[in-house]
Amino acid sequence: MAHLSRSAGIILVIIVGIVVQLIFSMSDARDTPSKAVVEFSKAYFNLDKSMAKRICKKELVSKDGNVVDQYLYDVAQTAKERGFNIDFLKHKLYHIETETISKTKNDAQIRITGKIRVAINSVYPVIAQLFNIGATHKVDQVIHVIKENGQWKVCGRLFTLTSA
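Residues numbered from 1 in each chain as written. Predicted model: local features only at pLDDT ≥ 70, side-chain atom pairs only at ≥ 80, totals over all residues. Heavy atoms only, no water.

Colleague: Even after reading the chapter, I still don't get the confidence of the model for the protein, so can you show me in this structure?
Modeller: If pLDDT is low for a region, its predicted coordinates should not be looked at in detail. The predicted model of the protein has a mean per-residue pLDDT of 85, with 93% of residues at 70 or higher. Per-element mean pLDDT across the protein ranges from 78 in helix H5 (residues 124–130) up to 93 in helix H2 (residues 33–45). (pLDDT = per-residue confidence, 0-100. Helix = DSSP H or I, 4+ residues; strand = E, 2+ residues; numbered from the N terminus.)

Colleague: Looking at this structure, I do not really get the state of the cysteines. What am I missing?
Modeller: Under the defined criterion, the tally for this structure stands at one disulfide. Cys56 shares a disulfide with Cys155; S-S distance 1.8 Å. Here Cys56 and Cys155 share a disulfide; its torsion about the S-S bond, 95 degrees, makes the bridge right-handed. Note that Cys56 is positioned in the loop between H2 and helix H3 (57–60) and Cys155 in strand E6 (residues 151–155), a separation of 99 residues in sequence. (Disulfide = S-S within 2.5 Å.)

Colleague: Before we go on, may I ask you to explain the pattern of salt bridges in this structure?
Modeller: Any two side chains of opposite charge can pair, given that their charged atoms come close. For the structure on display, the rule yields six salt bridges. Residue Asp69 pairs with Lys49 through a salt bridge whose shortest N-O separation is 3.0 Å. Here Lys49 lies in the loop between H2 and H3 and Asp69 lies in helix H4 (residues 67–82), a separation of 20 residues in the sequence. Linking Lys90 and Asp87 is a salt bridge whose minimum nitrogen-to-oxygen distance equals 3.3 Å. Taking relative accessible area as the criterion, Asp87 reaches 26% and is therefore assigned partly exposed. When salt bridges with common partners are traced through the structure, they connect Asp31, Glu39 and Arg54 into a single cluster. (Salt bridge = Lys/Arg side-chain N within 4 Å of Asp/Glu carboxyl O. Buried < 20%, exposed > 50% of the residue type's maximum accessible area, 1.4 Å probe, protein only.)

Colleague: I tried to follow the pairing of strand E5 (residues 136–148) on my own but got confused; where do I start?
Modeller: Side-chain positions along a regular strand alternate between the two faces of the sheet. When strand E4 (residues 107–118) meets E5, the two strands line up antiparallel, connected through 11 bridges. Residue pairing in the sheet places Thr113 in a bridge with Asp140 of E5. Judged from the five bridges that link them, E5 and E6 form a sheet pairing that is antiparallel. Note that in E6 the partner of Val145 across the bridge is Val154. (Pairing = 2+ DSSP bridges.)

Printed below as a string of structure tokens:
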């Protein structure tokens, strides 16, 4: 008799775990202005080309072509001039906090704060934090976000990506 109740308890825990996992995955799949800003910011500081997915169309193209390609090219040239690979200029964004300053149906102002640290590879930020090496820099920026084709995209002044 005790064996049956133990099995029922295990099955119940598994079912509750699956339901909770489904709830979390559904809430994570929802697109929000804050999520757009965080995804863009992480990709931006990590010099990841995927940041283009979160930039609005009017900001993505400039007179020089694709803004993201031009930015990554400029960063690569800066690294080369210093005698480094582009990986030495990558940063990891952490301790991220977002605050919605204003929001309408298709427009929002999101303030993002956090810290960045050099991230030459995935282990470096952890080691740097443990041994307190390398400088950390604060990030505090208000980013304009618009809804474009049903997805939130960042627009306006995008850190130093554009001169707007």
